[in-house]
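# Remarks on the overall topology
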Amino acid sequence: MQDNKPKTSGMEKVAAFIVDKRNLFFLLYALALIFSVVASGWVKVENDITTYLPADTETRQGLTVMDENFTTFGTARVMVSNITAGTAQALHKELEAIDGVYSVEFDETANHYREASALYSVTFDGTAQDEVSLSALDAIRNRLSGYDTFIDTEVGQDMSAELADEMGVILVIAAVIIVVVLTLTSRSYAEVPVLLLTFGAAALLNMGTNFLCGTISFISNSVTVILQLALAIDYAIILCHRFSDEHETKETREACIAALAKAIPEISSSSLTTISGLGALAFMHFGIGRDMAAVLIKAILFSLLSVFTLMPGLLMVFSRRIDATRHRKLIPQITFLGKFDVATRWIVPPIFAVIVVVAAVLANRCPYCYSFTDLVTAKQSTSQIAHQKIKNTFGNENMVAIIVPKGNYDAERSILQQLDACPEVKSTQGLANIEAQDGYMLADAVTPRQFSELAGVDYEVAEALYAAYAVDQNQYGSVLSGIGDYKVPLFDIFMFLQKEMKDGNITLEGDAQATLDDLFDQLNWAQIQLQSDRYSRMVVYLNLPEESDETMDFLTTIHNIIGQYYSGDCYVVGNSTNVKDLSSSFGQDNILISILSALFVVLILLFTFKSVGLPILLIVVIQGSIWINFSVPTLLDEPLYFLGYLIVNAIQMGANIDYAIVISSHYADLKKELPTRQALIAALNEAFPTIFTSGTILAVAGALIGQMTTNPVIAAIGTCLGRGTVISIVLVLAVLPQILLIGDSIVERTSFAMKAPIDLSRINRSASGNMRVSGRVRGYVNGVIDAEIRGTLDGTLHASVTSGTTIEPAGPSYALPQDAAAWAQSYTEGEEV
């Protein structure tokens, strides 16, 4: 006896296992989520974006040398407004007396007092994160609490904590908006909690496994949750709608299995474009790309995992509530837009072509910036407000550090002298131009007699000290030829004297000892900042902005001056050099990201649609949206932080392309059954809920990030992402349809799909009785049929149809029975037509 039971596919077996073992999966997820909550505290966050510079850049090498060889004390620029010069002087003395404050620079020149405002340059006894600096800063705030005070400092700044607070607020607002959007596009109110639980689990799993990446950037740590939601919510919606469709004719378990079996390949294919776009980031020379690619791709994978293994069980649990809370469609159809697209198919594409060309030119002139110090965000923190106030009153402070091999004080002196003579330089500091006493600089070489007069020690002691120094330096010839003419730099001999006194080889008494103790404190403070065992550091304050062509040219001048005295192992480090290195890296990464993201997406689309022409048409539309997006800063003459372009370019190409794919897929299927114009209108109606859901969530997420975070880098990414998503939605709804219509012939001619040969035996096959048919059928059927049909019928239809079933003319021979003239507007479930 032949078994008429249909064969079960491998995907259906996998789906059945997941559905039947849902309690096991619930347990596994519960354990994984508990672990993730604990492990999320293990994640290390990097707030310094220069950490991700390529290892061969001058900034990265110089910062590494500085971190290993020098200590940089915390500083603050403190401006007190609406005070007299006398009050400013009095406050100067009070601030100097605060514990933890090493020095306060202030005078009555325009550099420190103007427009009834005083500017104090404060240096602390510790680094920016030391407790002594934090306590001193609190004391300064308390002392100045009665004045109009603005403090610009890195002391006590915790970027990660500030971003976490901001993103928490953004996530709450986004969640409310997302619930509204999901409710509008859902078929049942009970679908919404299923979607939120699925996403919540995926987000928590991703956060709990970020520690596996080692250290992640503050960018990835802050925006991943919201981007994960916006990029991956489609996957859950697809499965949810599949389940709803299958549940029309199947029991809950069978419907869930069938839906999951069909959704796994569909969702996996959909995710490839997003993953490929994000994957392009990993090829950036700037390491932030690899960081974001790893975290975001991991987020997408966890979203897929949650949809495939957690959501089926949730659908089973909520199935009764889903059935009980079904509602009518809340999203209207956009037939009017489809008709507009058809009517303008010969008008819109040429206009779009002109706009794209202009946008490409403007986008290439986008005013990118590479330093976010002076960027103004929609929301300003207290520190940012203080920075802008001080900048507007006293100007900006642009400091660069010069690092050279230790030991050549003459070269250091010459470098500082040449730089001081340049109009671009405000001031310089180094051992070679810090005064010790009586006009002598720390790097000046002096004889024993000169030293004895400066230090207030006996000449014999000075001679003995010099002789010991010469022996320590293996300079025996100086001892033999007469120590009286032997010259040693003041800084070196003072530091040697301190060493000898600590070792007990030299003992001083009275005022000389007290004077030297104070001097040693100052020298030690200078040494840990300006000299190490291998390097010397000089500090240069420029009269130039951090980012300008003039600044970049002067950096070249600095290198040329250094090159007169040193041949290598020298570095110039500062925000301006960081700008130079980032701009150089951006030039390469810009081309790389644009090519790779488009190439990856084209390859995926090529094998998805089996046509060369269609992927090109889709890419043209999305690339056009990218150019239009980044032409906006040019038109507004607003600087755009370069990372906003690189990251959003990849996300927009990888994610927004899905909107174009949805319309194209529906259109490709429907035009097999309907005339092309009607197929296009129907495709827009079918695709609009998906585009509306995903697009609205991504646009809202981007807009919230852009408007509600104080971090300029994150704000730039959010603003560009939100604006780019809106532009993409407009283009795929109002430009792509026209391109598809007039490009049909191109798509058909470039198709490389092999048509399956017709099986003539199948046409002639006949059977009778109660039977189950699975597969494509062409021919005459007589009897009662109960099936889901997608195809054309040439004949007479008299049957019950479910709500939502469309019956439309497929050719010129179509005619309606006179008693069914209004069938298209009136059919409901169970109604005969």
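Here's a quick rundown of the structure.

## Here we look at the overall build of the protein
- A tally of helices and strands in the protein yields 30 helices and 17 strands.
- Taking all 833 residues of the protein together, 50% fall into the buried category.
- Put simply, 78% of the contacts in the protein that link residues at least 6 apart link residues at least 24 apart.

## So, the nonpolar core
- One finds Ile 219, Phe 286, Phe 451, Tyr 641, Leu 643, Val 732 and Leu 733 to be the most contacted residues of the largest nonpolar core, which totals 214 residues.
- With residues up to four places along the chain from it excluded, the contact list for Val 732 reads Val 621, Ile 622, Tyr 659, Ala 660, Ile 663, Ile 691 and Pro 737.
- Counting residues in hydrophobic clusters, the runner-up holds 22 residues, among them Leu 91, Val 104, Ile 140 and Ile 151.

## As for a negative patch on the surface
- On the surface, Asp 48, Asp 67, Glu 68 and Glu 154 cluster together to form a negatively charged patch.
- Position of Asp 48 relative to the elements: it lies in the loop between β1 (44-46) and α3 (58-69).
- We classify Asp 48 as partly exposed; its relative accessible area is 35%.

## Details of the sheet that holds strand β16 (residues 571-574)
- Reading across from one edge, β10-β15-β9-β16 is the order of the 4 strands in this open sheet, with antiparallel pairing throughout. The open sheet has two free edges, formed respectively by β10 (425-429) and β16, since each of these has just one partner strand. Taking the axes of each pair of neighbouring strands and ignoring which way they run, one obtains an average angle of 25° across the sheet.
- When strand β9 (residues 398-405) meets strand β15 (residues 535-542), the two strands line up antiparallel, connected through 8 bridges. Among the inter-strand pairings, Val 404 is bridged to a residue of β15, identified as Ser 536.
- Against the sheet, helix α22 (residues 575-609) makes contact with β9 and β16, and its axis sits at roughly 100° relative to β16, the strand it touches most.

## Some remarks on the side chain of Thr 123
- Secondary-structure assignment places Thr 123 in strand β5 (residues 117-124).
- Filtering out sequence-adjacent residues up to four positions away, Thr 123 remains in contact with Phe 73, Gly 74, Thr 75, Val 101, Tyr 102, Ser 103 and Trp 525.

## Side note on the packing of helix α9 (residues 252-281) against helix α11 (residues 311-324)
- Direction vectors running N to C along α9 and α11 enclose 150°, while the axes themselves pass 10 Å from each other. Relative to α11, α9 is oriented roughly antiparallel. Every pair of crossing elements has a handedness; the one defined by α9 and α11 is right-handed. Contact with α9, carried on its side by Thr 252, Arg 253, Cys 256 and Leu 260, involves Pro 312, Leu 315, Met 316 and Ser 319 of α11 and no other residues of that element.
- When grouped by side-chain class, the residues that make up the contact of α9 with α11 number 5 nonpolar, 2 polar and 1 charged.

## Quick look at the pairing of β5
- Counting buried positions over the 8 residues of β5 gives 8, a clear majority of the element.
- Where burial is concerned, the two faces of β5 agree: the one with Ser 117, Leu 119, Ser 121 and Thr 123 and the one with Ala 118, Tyr 120, Val 122 and Phe 124 are both buried.
- As defined by bridge partners, strand β2 (residues 75-81) adjoins β5 across 7 bridges and the pair is classed as antiparallel. Looking across to β5, one finds that Ala 76 is bridged to Val 122.
- With 4 bridges joining them, strand β3 (residues 101-105) and β5 adopt antiparallel strand pairing. Bridge assignment links Val 104 to a residue of β5, and that residue is Val 122.
- In sequence, strand β4 (residues 113-114) turns back onto β5 through a hairpin of 2 residues, with Glu 115 there showing a positive phi of about 50°.

Cut-offs and rules
Residues numbered from 1 in each chain as written. Predicted model: local features only at pLDDT ≥ 70, side-chain atom pairs only at ≥ 80, totals over all residues. Heavy atoms only, no water. Helix = DSSP H or I, 4+ residues; strand = E, 2+ residues; numbered from the N terminus. Buried < 20%, exposed > 50% of the residue type's maximum accessible area, 1.4 Å probe, protein only. Contact = heavy atoms within 4.5 Å. Core = buried A, V, L, I, M, F, W, Y, C linked by side-chain atoms within 4.5 Å. Patch = residues over 30% accessible without salt bridge, like charges linked within 9 Å, V, L, I, M, F, W, Y side chains within 5 Å. Areas by Shrake-Rupley, 256 points an atom, 1.4 Å probe, with all protein chains shown as cover. Salt bridge = Lys/Arg side-chain N within 4 Å of Asp/Glu carboxyl O. Lys, Arg positive; Asp, Glu negative; His and termini not counted. Charge placed at Lys NZ, Arg CZ, Asp CG, Glu CD. Pairing = 2+ DSSP bridges. Axes fitted to C-alpha atoms, helices over the stretch in contact; angles between N-to-C directions. Parallel < 35°, antiparallel > 145°, perpendicular 65-115°, else oblique. Left-handed = near helix turned anticlockwise from the far one by under 90°. Nonpolar A, V, L, I, M, F, W, Y, C, P; charged D, E, K, R; others polar.

Any link to function would need more than the numbers given here.
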